[in-house]
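The lines below spell out each chain.
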Amino acid sequence: MKFLYVSLFLSTFAFSQVEYPTDYFRSPLDIPIIPSGTFAELRTNHFHAGLDIKTQQREGLNIYTIAEGYVSRIKVSHYGYGKVIYITHPNGYTSVYGHLSSYAPTIEAYVKAKQYQQESYEVEMFPAVDELKVNADEIIAYSGNTGSSGGPHLHFEIRDQQERTINPLLFGLDVQDRKPPFVSGIYAYTKDENSFVNGKNGRVELRLIRNKNKDYNVESIDAYGTIGFGVISYDQQDLAVNQNGINGLQTFFNGHKKFEMDFNRFSFSETRHINRFLDYELYKTRRSRIQKLFVEKGNVLSLYKDLDNDGYVKVADSTASVYKIRITDFHGNETWVTVPINGKKMSKPPLSVDNTNKTYIFAEQPTNLNEKNVNVFIPANSFYEDAFIDFKVSNDTVYLHKDIIPLQKNVTIQYDVSNYKDSDIDKLYIAELIGNKQYPSYLNTKRLENKILTASSNALGTYALVMDTQGPKISALNFQDKKWLSNYRYLKFKITDDLSGISNYRATINGKWVLMEYEYKTNTLTFDFNDNVVNDTKNELKLVVTDNVGNSSTFEATFFRK
Ligand SMILES: [Zn+2]
């Protein structure tokens, strides 16, 4: 702990505005903290809001409150954080613990009572200050893998009173990290048609050369005009192979600082702008996360600390310059990338791009695109900048460009389906066609009067109308009809649905609602006899599962218990 304090103190990334208490909070676990994900690391459409802590590939580890306080929020959901609990502490910070398998007994009873009262596995509650107090070192829950989690781990956050999420390591949690960040790609970007890098305009991949030490050189470039750079970089902690996020980026042009950002605090409202920070097209087409070391229009991220000319450099003719990138992790390990630049005046006739048949989008204006039975609405400022896009409708398929331009706001896709029979309209949904196989992924489809279907999407892409006429499939996983189940702890079911997907499920025993926990990753529903709602010898179980367009299937069985 002492060592950590010293290294923070020495770091040039001074946390000057806010002093975070470094000895107020304990660890939420009683095993060493090995991160499988770091704060603000780069995820799809968001920065990671917390620290992911490994739980030895197991579930059920004790989760401790990091200090005394009270339970201010509990949420159980199929996706996202799964089972999550929020503890608010006397110093004003709130700690968040996600993907839990269950809560400590008192809290678990409180949650189950709500679930039975609302007849829903998914619940959210905001207990009053004096309802569920927790003492220092109290166990509040058990680690798990619920929600959108790729394996057992604890998702852990600390938020301030403005609901901003903060790097938990700033509060003195102890993590070992002696490895410097590493770099796997570097790119130059020309700002306009009068700037060039190695004779080219646009994004130019540069050749990275690893030095004998941990740092990197880049093969010298010829450039002219206003240019920026982008870097692909990750960090690793000791004892883990995970490619995690870095903590800071700085750049220097001939020794002058041009750009600085750190990854220590952000608001949820800004997190989607990660699509502006990264090179969205390269992420979507090649899964490469290039972090741009310059800031473009509409990017309001608060992670930027110091900018000169938005991070761009101006290269004049017949000059020799050096551009340097400093990449740091939280523990102050650093990696440098050096780019020698030869200023070389170039002029080229502007590329003539053929934009016939393209649709021009004025970023600052709302746009309605109409063709055949389809209307697409693009709200003002959905695009960061004006763009030519492809738009075409044929056979109920909407081609709305490709998902290579980031959106700040969702677009709405509307179909007039009056050419369909009424009975068919009920079974239609709007799908986004995903991947090479064009899988028809369900979009939340609303039915308006006048036979209009509407859905919103957070990305450009291809959309289609799909008909789903089949109900979900239900099967019992661990029991059979008309059997004695006296020694059973659980009843387990597998539920799946082709096309539109599962919307809801409802189980009763002897006509009374019972709690089924749904795990979408394994397509299972689980009932726990420890809920103590089954007291009869002969029991009639009924399970109804409904898909997203309203097709239902029913499973019924009789079982006995004593
Ligand atoms: Zn996480």
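Look a little higher up for the structure.
Just so it is clear, the structure is predicted and the values come from calculations on it, not from any experiment.

1. Considering the overall build of the protein chain
Okay, so step 1: Of regular secondary structure, the protein chain possesses five helices and 49 strands.
Okay, so step 2: Across its three principal directions, the C-alpha atoms of the protein chain cover 90 × 70 × 40 Å.
Okay, so step 3: A burial count over the protein chain gives 53% of its 562 residues as buried.
Okay, so step 4: Taking the intrachain contacts of the protein chain between residues at least 6 apart in sequence as the baseline, contacts between residues at least 24 apart amount to 68%.
Okay, so step 5: Accessible surface for the protein chain amounts to roughly 26,300 Å². Of this, 48% is attributable to carbon and sulfur atoms.
Okay, so step 6: Of the charged side chains in the protein chain, 64 are positive and 66 negative, and the gap between their average positions amounts to 4 Å.

2. Some details on the packing of aromatic side chains
Okay, so step 1: In the structure shown here, the tally under the stated rule is 32 aromatic pairs.
Okay, so step 2: Plain terms: the ring middles of Tyr429 and Tyr442 are 5.4 Å apart, the flat faces sit at 50 degrees to each other, and that makes the pair tilted. Taken together, the positions of Tyr429 in strand E36 (residues 428-434) and Tyr442 in strand E37 (residues 439-442) put the pair 13 residues apart, joining distant regions of the chain.
Okay, so step 3: On the accessibility criterion, Tyr429 (0% relative accessible area) is buried.

3. Here we look at the sheet that holds E37
Sheet strands associate in pairs through backbone hydrogen bonding, adopting either a parallel or an antiparallel arrangement.
Okay, so step 1: What the five strands build is an open sheet, ordered E33-E34-E40-E36-E37; its pairing is antiparallel. Both outer strands of the open sheet, strand E33 (391-394) and E37, are each paired with one neighbouring strand and no more. Averaged over all pairs of adjacent strands, the angle between strand axes in this sheet comes to 30 degrees, irrespective of strand direction.
Okay, so step 2: As judged from the four bridges shared by E36 and E37, these two strands associate in the antiparallel manner. Residue Leu433 lies in a different strand from E37, and its bridge partner there is Pro440.

4. So, the coordination of the zinc ion
Okay, so step 1: The zinc ion binds to the protein through His48 (NE2), Asp52 (OD) and His155 (ND1), with metal-donor distances spanning 2.0 to 2.1 Å.
Okay, so step 2: Here the donor residues of the zinc ion share one chain and are spaced in sequence as H-x3-D-x102-H.
Okay, so step 3: Assessed through its relative accessible area of 6%, Asp52 is described here as buried.

5. Description of the sheet that holds strand E5 (residues 62-64)
Okay, so step 1: On the basis of which strands lie adjacent, the open sheet formed by three strands has the order E5-E12-E9 and antiparallel pairing. Two strands in the sheet have a free side with no partner beyond their single neighbour: E5 and strand E9 (102-103).

6. Let's talk about the pattern of salt bridges
Okay, so step 1: If you walk through the whole model with that rule in mind, you get 32 salt bridges.
Okay, so step 2: Its salt-bridge partner being Lys451, residue Asp422 comes within 2.9 Å of it at the nearest N-O pair. With Asp422 in helix H5 (residues 422-425) and Lys451 in the loop between strand E38 (446-448) and strand E39 (452-457), this pair connects stretches of sequence that are 29 residues apart.
Okay, so step 3: Between Arg489 and Asp528 there is a salt bridge, with the nearest N and O atoms lying 2.7 Å from each other. Residue Arg489 is found in the loop between strand E42 (483-484) and strand E43 (490-496), and its partner Asp528 is found in strand E47 (residues 524-528); the two are separated by 39 residues along the sequence.
Okay, so step 4: Sharing partners across several salt bridges, the network here consists of Glu41, Arg43 and Asp52.

7. Comments concerning the environment of Ala464
Okay, so step 1: Position of Ala464 among the secondary structure elements: in strand E40 (residues 461-467).
Okay, so step 2: Excluding anything up to four places from it in sequence, Ala464 contacts Asp396, Thr397, Tyr415, Tyr429, Ile430, Ala431 and Leu433.

8. A few points about the pairing of strand E7 (residues 83-88)
Okay, so step 1: Most of E7 is tucked away: six of the six residues are buried.
Okay, so step 2: Of the two faces of E7, the one carrying Lys83, Ile85 and Ile87 and the one carrying Val84, Tyr86 and Thr88 are both buried.
Okay, so step 3: Here strand E6 (residues 69-76) pairs with E7 via six bridges, running antiparallel. Bridged to Arg73 within E7 is Tyr86.
Okay, so step 4: Hairpin connection from E6 to E7: six residues lie between these consecutive antiparallel strands, with Gly80 at a positive phi of about 60 degrees.
Okay, so step 5: One ladder, built from five bridges, connects E7 with strand E8 (residues 94-100); its direction is antiparallel. Bridging across to E8, Lys83 finds its partner in Leu100.

Rules of the game
Residues numbered from 1 in each chain as written. Predicted model: local features only at pLDDT ≥ 70, side-chain atom pairs only at ≥ 80, totals over all residues. Heavy atoms only, no water. Helix = DSSP H or I, 4+ residues; strand = E, 2+ residues; numbered from the N terminus. Buried < 20%, exposed > 50% of the residue type's maximum accessible area, 1.4 Å probe, protein only. Contact = heavy atoms within 4.5 Å. Areas by Shrake-Rupley, 256 points an atom, 1.4 Å probe, with all protein chains shown as cover. Lys, Arg positive; Asp, Glu negative; His and termini not counted. Charge placed at Lys NZ, Arg CZ, Asp CG, Glu CD. Phe/Tyr/Trp six-rings, centres within 6.5 Å; stacked < 30°, edge-to-face > 60°. Pairing = 2+ DSSP bridges. Axes fitted to C-alpha atoms, helices over the stretch in contact; angles between N-to-C directions. Donors = N, O, S within 2.8 Å, 3.2 Å for Na, K, Ca; no water. Salt bridge = Lys/Arg side-chain N within 4 Å of Asp/Glu carboxyl O.

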